[in-house]
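Here are the chains, one letter per residue:
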Amino acid sequence: TPKKQDATLCGIDSSFNSTKFQGMELWVVTAVAIQSDGIVIDDLHRQGLGRVGLEISRMASEMEVDICKKAVEVSDIVMMDGSLYSQFMTRQASLTPEIVSVMKKKNNVIFIAKTSNTNIQFKDLGSQAGDIFYYNHATKTPGYSRVYSDPEFGRDKVISSIYARLSDSTPLIKIELFGDSHTDDEIKSILDRTYKTSVGGYPYALKLAHNNCKISGADLAKLVSLYGISNEIGSREVLE
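Given the structure is predicted, the values throughout are model-derived calculations rather than measurements. Throughout this description, residue numbers start from 1 for each chain and increase along the sequence as written. Totals for whole chains, interfaces and linings use every residue, but because this is a predicted model, local features are given only for residues with pLDDT of at least 70 and side-chain atom pairs only at 80 or more, for both listing and counting. Side-chain measures here rest on the full set of heavy atoms in the structure, leaving out hydrogens and waters.

Describe helix H7 (residues 217–227), listing the residues and the values that go with them.
Burial classes: relative accessible area under 20% of the type maximum marks a residue as buried, over 50% as exposed, and values in between as partly exposed (1.4 Å probe, protein chains only). Helix numbering and strand numbering both begin at the N terminus, where a helix is a DSSP run of H or I of at least 4 residues and a strand a DSSP run of E of at least 2. Of the residues making up H7, those classed as buried are Leu 220, Leu 223 and Val 224. An end-on view of H7 places all buried positions within 105° of arc, on one side of the element. In this structure, H7 carries Lys 222 and Leu 226 as exposed residues pointing more than 90 degrees from its buried face. Positive backbone phi, at 70°, marks Gly 228, one or two positions downstream of H7. Note that the arc is computed from the directions linking the helix axis to the C-beta atoms.

So what about the packing of aromatic side chains? Which residues, and what values?
Stacked, tilted and edge-to-face are the three classes applied to pairs of Phe, Tyr and Trp rings, where Trp contributes its six-membered ring and a pair requires centres within 6.5 Å; stacked means planes under 30 degrees apart, edge-to-face means over 60, and tilted covers the rest. Summed over the entire model, instances satisfying the criterion amount to seven aromatic pairs. Ring centres 5.1 Å apart and planes at 85° place the aromatic pair Phe 133 and Tyr 134 in the edge-to-face group. Site record: aromatic cluster; members linked through ring pairs are Phe 122, Phe 133, Tyr 134, Tyr 135 and Tyr 163. For a lysine, the NZ atom is tested; for an arginine, the CZ atom; a charge sits over a ring if that atom is within 6 Å of the ring centre and within 35 degrees of the ring normal. We note Lys 114 situated over the ring of Tyr 202; from NZ or CZ to the ring centre the distance is 4.8 Å.

An account of the pattern of salt bridges is needed here, citing residue identities and associated values.
A pair is scored as a salt bridge if a Lys or Arg side-chain nitrogen falls within 4 Å of a carboxyl oxygen belonging to Asp or Glu. Overall, the coordinates contain ten salt bridges when judged by the stated rule. Note that Arg 46 is salt-bridged to Glu 62, the shortest N-O span being 3.8 Å. Taken together, the residues Arg 46 in strand S3 (residues 40–49) and Glu 62 in helix H1 (residues 55–74) connect sequence positions 16 residues apart. Take Glu 62: its relative accessible area is 22%, and that puts it in the partly exposed class. Glu 176 is the partner of Lys 174 in a salt bridge, and the nearest nitrogen-oxygen pair spans 3.1 Å. Taken individually, Lys 174 and Glu 176 each receive the classification buried, so the pair is uniform in this respect. Ionic contacts of the salt-bridge type, sharing partners, join the residues Arg 46, Arg 58 and Glu 62 into one network.

Treat this as a map of the structure, not an account of what it does.
Below is the structure:
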């Protein structure tokens, strides 16, 4: 059971959205780093007209890494929303050296996700669902699973992960760390510090980051209007 411990926590998240007009695409990407007390460490915004396709996802990852460089200097723990696995995947492969460098600088960067499709730990037992499904059903009390180290991306890029519950009857979170030398004392310290400002079993700084970077349909509509492309020329006239 975690015990509240003071710490400066920073949550990082990114968001992107786009809409198309007769072969043209208006796109927006934002990323933010914010502390549990609402202080914004850094935020980035990019927007434009053109065809971006899958590049928009890569752009969001680049911005998260850029923001993380600043956050590690002023935080005890930097919490990245999502999974380290996605950072090491092929489409983000060119970013791997950069994110590894940031994570190794002060060893204070972790990845936290509310959901996970990873199916590794129970695969040999014929599991059909992701690992988080079985841990979620095993117990409702606070605690964490043993550290599992996955060398899928090589010995120099091992991903260690745990599934944890910070308080009674709350959803599990998955925490991923870089490297394979993480001790129980380190894990307990991370849980104690994230528990202090958690809401409903989830770190408040990450909730703030999500809310601050989210690009809604209404936000996109305002930008569409500013660009003067709210009406597609010729789209209705032929029907009149």
